[in-house]
Structures are given as C-alpha cells and as structure tokens.
Amino acid sequence: MKVLGFLLLLAGWFLVLAAIVLFATPPLRAAFVLAGIAVEVLGLILAVRSQLIPREEKG
Amino acid sequence: MPAPRLTDVTTVACLFFIFLVPFAAAGLALMNVGLGRSRSAGHMMMASLCALAVAGLAYFVCGFAWQGFIGSPGHVLTLSGKSWNWIAAEPFFFRKLSFDGSATSLTALFQIFCVGLAALIPLGSGADRWRLRASCLSTGLLAAWTYPLFAHWVWGGGWLAQLGVNYGIGRGFLDVGGAGSIQVLGGLTALAVTWILGPRRGKYSADGMAPAIPGHNAVLVLFGCVLALVGWIGLNSVGAILFTGGEASGTALIVINTMLAASASALTAAVITKVRFGKPDASLTANGWVGGLVASSASCAFVSPAEAVVIGSIAGGVITFSIEWLELRMEVDDPGGSVSVHAVGGIWGLLAVGVFGQFQRPVLNVAGDSLPGAMNGIVSGQWLAQLIGVATLLGFVLPLTYGVNRLLNRFYPFRVSVEGERQGMDLHELGAGAYPEFVTHTDEFLPR
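On a predicted model such as this, the values are computed, not experimentally measured, just so you know. (Residues numbered from 1 in each chain as written. Chains lettered and ligands numbered in written order. Predicted model: local features only at pLDDT ≥ 70, side-chain atom pairs only at ≥ 80, totals over all residues.)

## Looking at the overall build of chain A
Consideration 1: Within chain A, the regular secondary structure consists of two helices and zero strands.
Consideration 2: The long-range fraction of contacts in chain A, counting pairs at least 24 apart against all pairs at least 6 apart in sequence, stands at 67%. (Helix = DSSP H or I, 4+ residues; strand = E, 2+ residues; numbered from the N terminus. Contact = placed C-beta atoms within 7 Å.)

## A look at the overall build of chain B
Consideration 1: For chain B, the count of helices and strands is 15 helices and two strands.
Consideration 2: The C-alpha atoms of chain B give 22 Å as radius of gyration, which agrees with the globular expectation for 448 residues (22 Å, within 12%).
Consideration 3: If you line up chain B on its principal axes, its C-alpha atoms span 80 × 45 × 40 Å.
Consideration 4: Looking at chain B residue by residue over its 448 residues, the buried ones come to 60%.
Consideration 5: Here the contacts in chain B between residues at least 6 apart in sequence split such that 81% fall between residues at least 24 apart. (Rg over C-alpha atoms; globule rule 2.2 N^0.38 Å. Buried ≥ 20, exposed ≤ 12 C-beta atoms within 10 Å, placed from the backbone.)

## Digging into the nonpolar core
Consideration 1: With 167 residues, the main nonpolar core has Val16(A), Ala118(B), Ala143(B) and Ile388(B) as its most contacted residues.
Consideration 2: With 14 residues, helix α4 (residues 103–125) of chain B is the single largest residue contributor to this core.
Consideration 3: The contacts of Ala118(B), once residues within four sequence positions are left out, are Leu142(B), Tyr147(B), Ile182(B), Leu185(B) and Gly186(B). (Core = buried A, V, L, I, M, F, W, Y, C linked by C-beta atoms within 7 Å.)

## Describing the interface of chain B and chain A
Consideration 1: With 21 residues of chain B in contact, the opposing surface of chain A contributes 22 residues.
Consideration 2: Tallied by class, residues from the side of chain B that touches chain A come to 15 nonpolar, five polar and one charged. (Nonpolar A, V, L, I, M, F, W, Y, C, P; charged D, E, K, R; others polar.)

## Here we look at the packing of helix α3 (residues 41–67) of chain B against α4(B)
Residue and element names in this part refer to chain B.
Consideration 1: Here α3 crosses α4 at 135 degrees, and the two axes come no closer than 8 Å. Looking at the two axes, α3 sits oblique to α4. Crossing geometry of α3 relative to α4 is assigned as right-handed. Side by side, α3 and α4 meet where Met44, Ala47, Ser48, Ala51, Leu52, Ala55, Gly56, Tyr59, Gly63, Phe64 and Gln67 of the first sit next to Ala108, Gln111, Ile112, Val115, Gly116, Ala119, Leu120 and Leu123 of the second.
Consideration 2: For the contact of α3 with α4, the class distribution of residues is 13 nonpolar, six polar and no charged. (Axes fitted to C-alpha atoms, helices over the stretch in contact; angles between N-to-C directions. Parallel < 35°, antiparallel > 145°, perpendicular 65-115°, else oblique. Left-handed = near helix turned anticlockwise from the far one by under 90°.)

## A short note on the pairing of strand β1 (residues 74–79) of chain B
All names here are of chain B.
Consideration 1: As paired elements, β1 and strand β2 (residues 82–88) share six bridges and run antiparallel to each other. In the strand pairing of β2, leucine 77 is matched with tryptophan 84.
Consideration 2: Between the antiparallel neighbours β1 and β2 lie two residues, among them serine 80 with a positive phi of about 50 degrees. (Pairing = 2+ DSSP bridges.)

## Remarks on the environment of Ala108(B)
Residue and element names in this part refer to chain B.
Consideration 1: Tracing the sequence through the fold places alanine 108 in helix α4.
Consideration 2: On the neighbour-count criterion, alanine 108 (21 C-beta atoms within 10 Å) is buried.
Consideration 3: Separated by 43 residues in sequence, alanine 108 and alanine 65 place their C-alpha atoms 9.9 Å apart.
Consideration 4: Ignoring sequence-local partners within four residues, the contact set of alanine 108 consists of Phe64, Phe94 and Leu97.

## Re helix α5 (residues 132–155) of chain B
Consideration 1: Approximately 40 degrees is the largest bend angle found in α5(B), and it occurs at Leu142(B).
Consideration 2: Burial within α5(B) is extensive, with 19 of its 24 residues counted as buried. (Bend = angle between axes of the 7 residues up to and from the residue.)

## What about the environment of Phe99(B)?
Consideration 1: On the secondary structure map, Phe99(B) appears in the loop between β2 and α4.
Consideration 2: The exposure class assigned to Phe99(B) is exposed, which follows from the 11 C-beta atoms found within 10 Å.

## Re the confidence of the model for chain B
Regions with low pLDDT should not have their predicted coordinates read in detail.
Residues and elements named next belong to chain B.
Consideration 1: With 94% of its residues at a pLDDT of at least 70, chain B reaches an overall mean of 92.
Consideration 2: Within chain B, the lowest mean pLDDT, 91, falls on β1, and the highest, 98, falls on helix α2 (residues 21–35).
Consideration 3: For this predicted complex, the interface score ipTM comes out at 0.96, while the overall pTM is 0.95. (pLDDT = per-residue confidence, 0-100.)

## Digging into the packing of helix α12 (residues 338–356) of chain B against helix α13 (residues 382–411) of chain B
Residue and element names in this part refer to chain B.
Consideration 1: Contact pair α12 / α13: the axes reach a minimum separation of 7 Å and the direction vectors enclose 160 degrees. Classified by the interaxial angle, the pair formed by α12 and α13 is roughly antiparallel. Seen along the crossing, α12 lies across α13 with a hand that is right-handed. Of α13, the residues touching α12 (which contributes Ile347, Leu350, Leu351, Val353, Gly354 and Val355) are Gln382, Trp383, Gln386, Leu387, Gly389 and Val390.
Consideration 2: Classifying every residue of the contact of α12 with α13 by side-chain character gives eight nonpolar, four polar and no charged.

## Some points on unusual backbone geometry
Residues and elements named next belong to chain B.
Consideration 1: A positive phi angle is found at serine 80, which is not glycine, with a value near 50 degrees.
Consideration 2: Within the secondary structure layout, serine 80 lies in the loop between β1 and β2.
Consideration 3: Looking at serine 80, the number of C-beta atoms within 10 Å reads 11, which means it is exposed.

## Points about the environment of Gly68(B)
Residues and elements named next belong to chain B.
Consideration 1: For glycine 68, the position within the fold is in the loop between α3 and β1.
Consideration 2: When the 26 C-beta atoms within 10 Å are taken as the criterion, glycine 68 is described as buried.
Consideration 3: Through-space distance from the C-alpha of glycine 68 to that of cysteine 136 is 24 Å; in sequence the pair is 68 residues apart.
Consideration 4: Once you skip the residues sitting within four places of it in the chain, glycine 68 turns out to touch Gly74, Ala88, Glu90, His152 and Gly156.

## A look at α3(B)
Residue and element names in this part refer to chain B.
Consideration 1: Along its 27 residues, α3 runs just 34 Å from first to last C-alpha, ending more than 12% under the 39 Å computed at 1.5 Å per residue.
Consideration 2: The principal kink in α3, of about 60 degrees, is found at phenylalanine 60.
Consideration 3: At the exit of α3 stands glycine 68, carrying a positive phi of roughly 65 degrees. (Expected span 1.5 Å × (residues − 1).)

Structure, rendered in structure tokens:
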C-alpha cells in the first residue's frame, strides 16, 4: 500500500506536468492540474495510512 | 544571461539581512532542544551543529553547482518549443564564483545558511531516537541533492519560475523567503524521517492511547521563537531582494508583514488551546509563532499588513489542529512539530500568494524577463502557479526524499538501539548528559 501511495504521488505530479505542456486554454489546464493534485491527495492518504502501527506492535 | 545588478545600498542591506539568517537556525535548534527530552538535549544541540556543518560543506562541494542562480548556465529540456530549465550547470566547489558583492556571490552566501536551516527541520521530528551519524548522512543528501534541485526550479530560474514567461501562468511560482524551498522541503523530509524511524517507545499503547511526552524546557522553546523572528526578518528580506528583484526600500513592509503574521499565528494558537484545554499551551503557541513566520515567507513582499494578519491567523489555526491530528490520528510521532509547522504552514503560505498576492512592481525571477507589475496589482493564474509548485513538492520532493532516506536507512540504520533510547541519546551517543547536575543526591534529603 505504501509503494502504491508513492506511485500515486508521482502519477499525480506527472499529470500536472502533462497539463502544463498539453493544454493551452487556462480552464482545461487548471482542471487537469486539479485532477493531478487530487491523485496526489489519494496517494498521500494511502502513504499515511500504510504507516499506521498495527495494534499488536504498539506499546 | 547576466544576473541582476544590485545598487550599493541594496548590496549593503542584503549583507546586513543575510547576517541575521543564522539567528533563525539558532532559534530552531533551541526549539528542537526544548521540545525534546532532557536526556537527549545535548545530543540534539550537537546534531544541530553537525547538520549546519555538513549542510554547508555539501552545499559548497556540489549544492550550489546544481542550484545556480537566475541567469546562470543550466541544463535545458525543450518541450513543445518551450525551454524547461531542470538543473544548473555551475562548476563544483564555488569555482568561477567571484566574491565581489554581485547578486550571485550574495546568493551563495545566503544559501549556505538557508540549506543549514532546511537541514535543521527534520532533526525536530527525529528527536530522542535518530542517531547522530545517520542524521549527518541524511543532511548531506538533503544539502547536496534534494534542496539544490528544488531551489533551482524556484530561485535559479528553473522551470517553476519560468511558468509565467513560458506559459503565461501568473508570474511563475513565487516563493520570496523559502516557504517551499526551505520550509516545506524540510518539513516533508521530517515526515519521511518520522515514518522511517517510527514513534518513540511508549508513545502509542495497545489500548489506543497516545500519552503526551512534554518537552523539557519551555524557556528554551520560547526564547528560540524570538531568535527565529530575527532570522526570518533576514530570510524574507534577502529573498525579496535576490529572488524577486525587490529594492532595499521595500524591506520595511516585509519586516512588518513577517512580524504581524507570526503574532497573529501565535495568538490564534494560544486562544485555541485556551478554549479547548482551559489554559494556553506554551509549546503549541511557540509552534504557532514559527508557523506564522513560515507562512509569511512566501508572500511577505506581495501582501498588505492586514492580509499578513489573516495569513498568520489561518496558519495558527491550521497548525494547531494539524499537530493534534498527525499525532493522535495519523500516529506521526513528531516531538518538534516540524511536519505541521514547516510542511503544513509552508504549503498554506505558498497558496496564500495565489489568494492574496498583489504585484504592483515588476517581478524578476527569470533572467532577462522581468514580468511587469499589473495595473490593479492582480495577476491572473498566480493561484495555478502556486498550486503547481505545491503539487511538485508533494508529488516529487516527498517521494524523492523518502526514497533516498529509506535507501540510506537500509545501509546505515537511522534508529538508535532500544537500550540507547532508554538510556537517552546524550549518554548513549555522546557519553555525557547535557545537565550533569540534574541528579538527585540522597544526602540532600538526609537530616544534618
């Protein structure tokens, strides 16, 4: 899950880069940048959740 | 293309403000010491000193070569007819750098302090369990690679700074005093280090409780806040002059904004903790103060004092709740609050440029392409440029810094042994405690 989270972070960033290069119209570019950030947020949530400590390891 | 020229007055002002920057490092170091345990206090100060030394040397060897400065040679990638400047191509060891008071030489001087400041941030999150040599190695990687790369994109005329010139996205990514390049980068490295190290022993119990492990010296923490203010005044003022083409006369507004943002943030944190817990919390108020400084860094040259107060107030609220959420819900054991203060506060500061920023004067963040000030001060698309910068920090810098530190941890484990953690880092790694007289002598309690 942790690896997937970091892959999503990278994928979101590439979406943002692609939006800058591929779209010239500001609304479309902004929409794709926001989509990229949404993917990054998903990746961050996955990465954070993968770090939660299992109950048996606490203490 | 040549670097921007500075007038004599601006050069002198710049030098004065650069010499204030080490106070920020001293402040952060003191805060990290005070927020940790007393049995690791000497170790933390030693680690801070070593981090500054390693960061300075690594930056001298190759860091500046890869960061460069506006107008310095760089490796350029051409995409759809637009040039993307990815990394600088300066020689190593400051060769070919003439120390003549030019903007380039002042940048080298300024950055050697800034990289040290960024290196201090992860130390707060790794307190009480991060081995000294491991922290030095991690600092070396940060100063030699991670920091220069991102700083080049923002301050070296790199692709983030070029967003305005190349694609008409605002004025390009703007970060006057290093909210992104120093603070968020350091804060995300702190998050990576915390994940790799894991929590301190006894921090999270099987019944779901997370007992507080309070810092050992509130005086050090609060005095660190005052020192940090002095340092931040230098940091923000120099950044505005060197990286946005500001004049020395504009620094009064920057200093006022820095002070107001910190004040509003600290008071917000104090009020929130008073309302929630019955009494204001000193450590959270201190974190709020520094969080306000961090949030002010990106926008201090482009907002009014009233807007700086709003930015600081929001920072104080966000940081206070973020610290609690990360500690209790996300199980991120971060004794110094570095992730919330520097990463969360910095991200808010960067976004605030897009929300509040007004550009009455030209902005020079790319060589030879000074973007003019707008008629009404408002620039369309600046919020998008700031979002792209934040996306780069989260989507590129976080995986990069986590990856390199994870790899390093595989070859040289970061975490101290169980016995070392129980004994305290001072005795285990340095052989002596920071407070040797803090032992209870039985004869003091015997009748005389």
